[in-house]
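Structural characterization, general
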Amino acid sequence: MWTGANDMTATIHAHRFDVRSLTMTTKNHPPMDTLSLDLLRLIKQSDPDVAALLQAEAARQAETLELIASENHVSASVMHAAGTWMTNKYAEGYPGKRYYGGCEHHDTAEDLARNRAKKLFGCDYANVQPHCGANANIAAFMAMCDPGDRILSLPIKSGGHLSHGLKPNFSGTFYEIHDYDVDPDSERLDYDVIAARAHEVKPKMIICGYSAYPRTIDFARFRAIADEVGAILMADIAHIAGLVAGGAHPSPFPHAHIVTTTTHKTLRGPRGGLILSNDEEIAKKIDRKVFPGSQGGPLMHVITAKAVAFREALEPSFRDYAANVVTNAKALAASLVEHGYRLCTGGTDNHLLLVDLRPRDADLTGADAEQWLETAGIVTNKNGIPNDPRKPMVTSGLRLGTAALTTRGMGTSEMKVVAGLLDRVMGSQGDAAVAETVRGEVRDLCGAFPLPH
Ligand code: DSN
């Protein structure tokens, strides 16, 4: 075992954690698999600074409540598969058609990942090479549209994603973006209004799938709208991919022409992107637009970890996980309403909640809430709500998700406890004593529900 703080030479202070106070004794390191411990020891020999920050980050994750809707905790298998010999290889091209020798095992890994992704989402084609969700969207846009084409999407201020048309993003730079919006009263998608907008704009492509929309997406209705105006339907299911895979949200297939996603949110894989389709012609275009269109060498170590994660998601237990994520989100939502908060759209059907803080305290901002909660060991993100009068770096809302807490094994009774902790901190006006007391309770709760290892 490591000897402890005295020989920790690191000068790095990880955010709000004093790494010099952390040691690698069984007494005070977070519970972790033996391979992780060995890796930390190994890294410490060559780079104590990095070992210290890794240890601090492991401790941060173990001892905080992760409520960011786009984050999760991967299994030790997924984590370690991403840090293997597969990192050493260039494999430009696709299985069986590479621009480098020595790709035999990389072909196998990529085929495993592709086949498992297809099985998981019930489709005929998968490209597992996109480095991230935004890269998947770049390739999808390039495959389906020409620069200057009209695209209809939900803007980021109403729950969309920056890669769906934000001005400074590639999407807003190279395409003619038109918005649809959520209904100002219900804050939900109004499909009749979206249809009218589609007829008006006549877009080449319509995008559905969001970063901060807590309700079920009606993919069949979106396809009907797309068909009415001769548009392509792209579904970006990055947030709900794990729910789709686990049967807790309707599938975008057979409705969407093209589906993009990340692999690390509710799907609980390594950080990365994925593109899916059922259309052979679209599939050929996507392959060309991922490589060589927008990427060079694929991250084979990440693709290998994607294969491991997809296998995990194919297990029957993942269906329970997906169902529990939604049940927990509903329970957290109900408790927050009891504490006086308003939920945008009135609740949730998926893993996320968009909380309007103003009914609880008119002066409370998302920025303050995020900061105070972090001090108490609860990690969240400020988020604009529909028609938010405050700026994006301030906001009137907080976005919460239950994917990570559900991975720890927490259930509905813990969601009630978590809602109480959130309210005590947010109702305290940033009181340091309240944050410290809650911090202790958060540690206890995390101790009772350790991370997967
Ligand atoms: N930035 C991610 C999120 O938090 O929703 C989406 O890519």
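Since the model is a prediction, treat every value here as computed from it, not as a measurement.

Section: a nonpolar patch on the surface
On the surface, a nonpolar cluster with roughly 260 Å² of combined accessible area is contributed by Leu35, Leu39 and Leu42. Residue position: Leu42 is located in helix H1 (residues 34–46).

Focus: the sheet that holds strand S7 (residues 205–208)
One open sheet accounts for 7 strands, arranged S4-S10-S9-S8-S7-S5-S6; its pairing is mixed. Looking at which strands have only one partner, the edges of the open sheet turn out to be strand S4 (125–127) and strand S6 (176–179). If you compare each strand with its neighbour and ignore which way they point, the axes differ by 20° on average. Note that strand S8 (residues 232–236) and strand S9 (residues 258–262) share 3 bridges and pair parallel. Residue Ala235 lies in a different strand from S9, and its bridge partner there is Val259.

Regarding the pattern of salt bridges
Under the counting rule described, the total for this entry stands at 20 salt bridges. As a salt-bridge pair, Arg221 and Asp192 come within 3.2 Å of each other at their nearest N and O atoms. On the criterion of sequence distance, the pair formed by Arg221 in helix H8 (residues 219–229) and Asp192 in helix H7 (residues 191–201) is long-range, its members being 29 residues apart. One salt-bridge network, in which partners are shared between bridges, spans Glu187, Arg342, Asp356 and Arg358.

Quick word on the side chain of Asn127
Position of Asn127 among the secondary structure elements: in strand S4. For Asn127, the side chain forms a polar contact with the side chain of Asp287, separated by 2.8 Å.

Observations concerning the sheet that holds strand S12 (residues 352–356)
Across the sheet, 4 strands lie side by side as S11-S12-S15-S14; this open sheet has antiparallel pairing. The open sheet is flanked by strand S11 (342–343) and strand S14 (381–383), the only strands paired with a single partner. Here 5 bridges tie S12 to strand S15 (residues 397–401), and the two strands are oriented antiparallel to one another. Residue pairing in the sheet places Leu352 in a bridge with Gly401 of S15. Here helix H12 (residues 316–338) sits on the sheet in contact with S11, S12 and S15, set at roughly 15° to S12.

Here we look at the side chain of Arg399
Tracing the backbone shows Arg399 in strand S15. Buried charge Arg399 goes without a salt bridge, the closest partner of opposite sign being Glu71 at 7.1 Å. Within the local environment of Arg399, its side chain forms a polar contact with the side chain of Ser70, the two groups lying 3.3 Å apart. Polar contacts involving the side chain of Arg399 include one to the main-chain carbonyl oxygen of Ser211, which spans 2.7 Å.

Structural notes on helix H4 (residues 104–121)
Its 18 residues place the ends of H4 26 Å apart at the C-alpha level, agreeing with the 26 Å of an ideal helix rising 1.5 Å per residue. Buried residues of H4: His106, Asp107, Ala109, Glu110, Ala113, Arg114, Arg116, Ala117, Leu120 and Phe121, and no others. Looking at the packing, one finds that the buried side of H4 touches strand S2 (93–94), strand S3 (97–98), S4, helix H9 (241–245), strand S10 (273–277) and helix H11 (300–314). Positive phi shows up at Gly122, right after H4, with a value of about 60°.

Remarks on the site of the ligand
Taken together, Ser70, His161, Ser211, His239, Lys265 and Arg399 form the complete shell of residues around the ligand. Take Ser70: an N or O atom from its side chain is 2.7 Å from an oxygen atom of the ligand. Between the ligand and His161, the relevant distance is 2.9 Å, taken from an oxygen atom to a side-chain nitrogen or oxygen of the residue. Calculation on the ligand without its partners gives an accessible area of 230 Å², and the protein chains cover 65% of this total.

A short note on H8
By the burial criterion, the buried members of H8 are Phe219, Phe222, Ile225, Ala226 and Val229. The arc that holds the buried residues of H8, viewed along the axis, is 120°, so those residues lie on one side. Tucked into the core, H8 has its buried residues touching H7, S7 and S8. Of the residues flanking the start of H8, the one acting as N-cap is Asp218, its side-chain oxygen 3.3 Å from the backbone nitrogen of Ala220. Phi turns positive, to about 70°, at Gly230, one or two residues after H8.

Topic: the packing of aromatic side chains
Tallied over the entire structure, the rule returns 8 aromatic pairs. Seen from their ring centres, Tyr99 and Phe291 are 5.8 Å apart, and the 55° between their planes marks the pair as tilted. With Tyr99 in the loop between S3 and H4 and Phe291 in helix H10 (residues 280–294), this pair connects stretches of sequence that are 192 residues apart. Since its relative accessible area comes to 10%, Phe291 is described here as buried. Above the face of the Tyr321 ring, Arg268 is positioned so that its terminal group lies 4.1 Å from the ring centre.

Comments concerning the pairing of S15
With 5 of 5 residues buried, S15 lies mostly within the body of the structure. Of the two faces of S15, the one holding Gly397, Arg399 and Gly401 and the one holding Leu398 and Leu400 are both buried throughout. One ladder, built from 3 bridges, connects S14 with S15; its direction is antiparallel. Directly across from Asn381, in S15, lies its bridge partner Arg399.

What about the confidence of the model for the chain?
Keep in mind that low pLDDT regions are not for reading the predicted coordinates in detail. Across the chain, the average pLDDT comes to 93, with 94% of residues at 70 or higher. Confidence scores differ between elements of the chain, with H1 showing the lowest mean pLDDT of 94 and H9 the highest of 99. A low-confidence stretch, residues 1–28 stays under pLDDT 50, and its non-local contacts, those more than four residues away or across chains, total 54 contacts.

With respect to the pairing of S12
Counting buried positions over the 5 residues of S12 gives 5, a clear majority of the element. Residues of S12 alternate between two faces, with Leu352, Leu354 and Asp356 on one and Leu353 and Val355 on the opposite face, all of them buried.

Cut-off values and rules
- Starting afresh in each chain, residues are numbered from 1 along the sequence in its written order.
- Confidence filtering applies because this is a predicted model: local features only for residues at pLDDT of at least 70, side-chain atom pairs given and counted only at 80 or more, and all residues used for totals across whole chains, interfaces and linings.
- Note: side-chain values were computed over all heavy atoms of the structure, leaving out hydrogens and water.
- By definition, no residue in a patch forms a salt bridge, and every one has over 30% relative accessible area; like charges are joined within 9 Å, nonpolar side chains (Val, Leu, Ile, Met, Phe, Trp, Tyr) within 5 Å.
- Accessibility throughout is a Shrake-Rupley quantity obtained with a 1.4 Å probe, and a residue counts as covered only by protein chains that appear here.
- The rule for a salt bridge is simple: a side-chain nitrogen of Lys or Arg has to be within 4 Å of a carboxyl oxygen of Asp or Glu.
- Helix and strand assignments follow DSSP, with helices taken as H or I runs no shorter than four residues and strands as E runs no shorter than two, numbered in order from the N terminus.
- The rule for pairing is simple: two strands pair if DSSP sees at least two bridges between them.
- Note on geometry: axes are C-alpha line fits, over the in-contact stretch for helices, and angles between N-to-C directions span 0 to 180 degrees.
- Identification of polar contacts relies on pairs of N or O atoms within 3.5 Å, with a donor-acceptor requirement for protein atoms, meaning one able to donate a hydrogen and the other able to accept it, and with residues adjacent in sequence counted only if both atoms are side-chain atoms.
- Working rule for contacts: check all heavy atoms of both residues, and any pair within 4.5 Å makes them a contact.
- Only protein chains enter the accessibility calculation, which uses a 1.4 Å probe. A residue is then buried if its area is under 20% of the maximum for its type, exposed if over 50%, and partly exposed in between.
- Charge convention: Lys and Arg are scored as positive, Asp and Glu as negative, and His as well as the terminal groups of each chain are ignored.
- Between the first and last residue of a helix there are one fewer steps than residues, each counted as 1.5 Å, and that sum is the expected span.
- Note on terminology: near, applied to a residue and a molecule or strand, indicates that one of the residue's heavy atoms is within 4 Å of it.
- The arc in question is formed by the directions pointing from the helix axis toward the C-beta atoms.
- Aromatic contacts are taken between Phe, Tyr and Trp rings whose centres are within 6.5 Å, Trp giving its six-membered ring; a plane angle under 30 degrees counts as stacked, one over 60 as edge-to-face, and the others as tilted.
- Charge over a ring is defined by NZ of Lys or CZ of Arg lying within 6 Å of the ring centre and within 35 degrees of the ring normal.
- As a per-residue measure, pLDDT reflects the predictor's confidence and takes values from 0 up to 100.

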